[in-house]
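So you can see what is in the structure, the chains are spelled out below.
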Amino acid sequence: MERGIHSGYNDLMQVEMSVKTAQKMVGSATMSLDKDMLNGAKQAVADAHARLREARQQATGVDEEFLHRCEQELQQAEHQLNEALK
């Protein structure tokens, strides 16, 4: 029988990877202004927000600085995307 391994470290790495993915997708999409790429970037930002929310619910308080940094990076990417969508 398989059991899921829950690790706060893995959760944090997933948050970091989703934020970095969103940043890269936003960067590429805003440079090209391709509609499909912009939509993909928008979805990547939404996915990263969801991962961040999940991690905050699991947070022990020790990881607050890390989560705050991820949140700031994601907000910057989202702002860049919103400017490109105007």
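Above: the structure in question.
Residues numbered from 1 in each chain as written. Predicted model: local features only at pLDDT ≥ 70, side-chain atom pairs only at ≥ 80, totals over all residues. Heavy atoms only, no water.

Brief notes about helix α2 (residues 35-58)
- Between the first and last C-alpha of α2 there are 35 Å, a value that for 24 residues agrees with the 34 Å anticipated at 1.5 Å per step.
- For α2, the full list of buried residues reads Leu38, Ala41, Ala44, Val45, Ala48, Leu52 and Ala55.
- N-capping of α2 is provided by Asp34, with a side-chain oxygen placed 3.1 Å from the backbone N of Asp36. (Helix = DSSP H or I, 4+ residues; strand = E, 2+ residues; numbered from the N terminus. Expected span 1.5 Å × (residues − 1). Buried < 20%, exposed > 50% of the residue type's maximum accessible area, 1.4 Å probe, protein only. Polar contact = N/O pair within 3.5 Å; in protein donor to acceptor, adjacent residues only side chain to side chain.)

As for the side chain of Glu73
- Within the secondary structure, Glu73 is located in helix α3 (residues 64-85).
- Once residues lying within four places of it in the same chain are set aside, the contact partners of Glu73 are Val19, Lys20 and Gln23. (Contact = heavy atoms within 4.5 Å.)

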